[in-house]
Amino acid sequence: AQSVTQPDIHITVSEGASLELRCNYSYGATPYLFWYVQSPGQGLQLLLKYFSGDTLVQGIKGFEAEFKRSQSSFNLRKPSVHWSDAAEYFCAVDYNFNKFYFGSGTKLNVKP
Amino acid sequence: DGGITQSPKYLFRKEGQNVTLSCEQNLNHDAMYWYRQDPGQGLRLIYYSQIVNDFQKGDIAEGYSVSREKKESFPLTVTSAQKNPTAFYLCASQGQVDLEQYFGPGTRLTVT
């Protein structure tokens, strides 16, 4: 069965430090890959997506993600975290062109 | 402005009552989705519809029903058969070209 794993439930980083959030998926074929961010009590906003081509994709708010086929991973990174980045982050995959599978999310806390 | 609206933002009901959550989009998307979000569990798919007058059960459809009579609208009814209805409900639509899912702001349902 298809699944998406975000192994870190909570992460705390200091403001200005770098960030990496992990995402692994299980399936033979390469799916479409997405990262979303959610502020408390709000809907989800797309940060970036990967369909094909260059495995390093740039998104909004200074985020980037790298697709590694050999590791079935799509990790999200940011070189310098801002206090406003505190939120919950979800990785999602789409295998069938219309059905997403979401990871369980990683809550990011930013220390001043 | 194009987008997805969900109303109301907060909804309170007594146990045993059916309740309908509204979802409207003006993005001209064919596909629409309903998700349930509980703390620590990510998003779980309730129902989805890829075209008007057609919809499919997701992973947790028991106790829920939907209709898709218009392209713009995809209401979700939480019936009294749903054992644990208190949750945050998110509606989304998906672009035919960009394949992104666009989310509404959510409805928090509390059943007592």
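No experiment lies behind these values; they were computed from the predicted model shown.

Caption draft 1: View of the overall build of chain A. For chain A, the helix and strand inventory stands at zero helices and 12 strands. By the compact-globule yardstick of 13 Å for 112 residues, chain A fits well, its C-alpha radius of gyration being 13 Å. Its C-alpha atoms give chain A principal-axis dimensions of about 40 × 30 × 20 Å. Relative to its 112 residues, chain A shows a buried fraction of 47%.

Caption draft 2: Representation of the interface of chain A and chain B within the structure. Residue-level contacts link 20 residues of chain A with 23 residues of chain B. Taking both sides of the interface into account, the surface hidden between chain A and chain B amounts to around 1,700 Å²; carbon and sulfur atoms contribute 55%. Scanning the region where chain A abuts chain B turns up one salt bridge. Among the salt bridges present, the one from Glu100(B) reaches Lys49(A), with a minimum N-O distance of 2.8 Å. Here chain A and chain B share six residue pairs in polar contact (both at pLDDT 80 or more) between them. Residue assignment for the side of chain A that touches chain B shows that the elements contributing at least two residues are β5 (32-38), β6 (44-50), β10 (87-94) and β11 (100-102) of chain A. Among the elements that take part in the side of chain A that touches chain B, β5(A) stands out by supplying four residues, more than any other. The class makeup of the residues in the side of chain A that touches chain B is 10 nonpolar, seven polar and three charged.

Caption draft 3: Highlighting the nonpolar core. Among the nonpolar cores identified, the biggest contains 28 residues, and Leu19(A), Trp35(A), Leu47(A), Leu48(A), Phe74(A), Leu76(A) and Tyr89(A) are the most heavily contacted of them. Secondary structure elements with two or more residues in this core: β2 (10-14), β3 (19-21), β5, β6, β8 (64-68), β9 (73-78), β10 and β12 (106-111) of chain A. Take this core: its biggest share by element is four residues, from β10(A). Those residues in contact with Leu76(A) that sit more than four places away from it in its chain are Leu19(A), Glu20(A), Leu21(A), Trp35(A), Leu47(A), Leu48(A), Phe63(A), Glu64(A), Ala65(A) and Tyr89(A). By size, the runner-up hydrophobic cluster in this structure holds 20 residues, among which are Leu11(B), Trp34(B), Ala87(B) and Cys91(B).

Caption draft 4: Spatial organisation of the pattern of salt bridges. Residues and elements named next belong to chain B. In the structure shown here, the tally under the stated rule is eight salt bridges over all chains. One salt bridge connects Lys 71 with Asp 30, and the closest N-O pair in it is separated by 3.4 Å. Here Lys 71, found in the loop between β7 (64-66) and β8 (76-78), pairs with Asp 30, found in the loop between β3 (19-25) and β4 (31-37); they are 41 residues apart in sequence, far enough to count as distant. Its relative accessible area of 23% is what places Lys 71 among the partly exposed residues. Note that Asp 38 is salt-bridged to Arg 36, the shortest N-O span being 2.7 Å. For Asp 38, a relative accessible area of 13% puts it in the buried group.

Criteria and thresholds
Residues numbered from 1 in each chain as written. Chains lettered and ligands numbered in written order. Predicted model: local features only at pLDDT ≥ 70, side-chain atom pairs only at ≥ 80, totals over all residues. Heavy atoms only, no water. Helix = DSSP H or I, 4+ residues; strand = E, 2+ residues; numbered from the N terminus. Rg over C-alpha atoms; globule rule 2.2 N^0.38 Å. Buried < 20%, exposed > 50% of the residue type's maximum accessible area, 1.4 Å probe, protein only. Contact = heavy atoms within 4.5 Å. Buried area = accessible area lost by both parts, 1.4 Å probe. Salt bridge = Lys/Arg side-chain N within 4 Å of Asp/Glu carboxyl O. Polar contact = N/O pair within 3.5 Å; in protein donor to acceptor, adjacent residues only side chain to side chain. Nonpolar A, V, L, I, M, F, W, Y, C, P; charged D, E, K, R; others polar. Core = buried A, V, L, I, M, F, W, Y, C linked by side-chain atoms within 4.5 Å.

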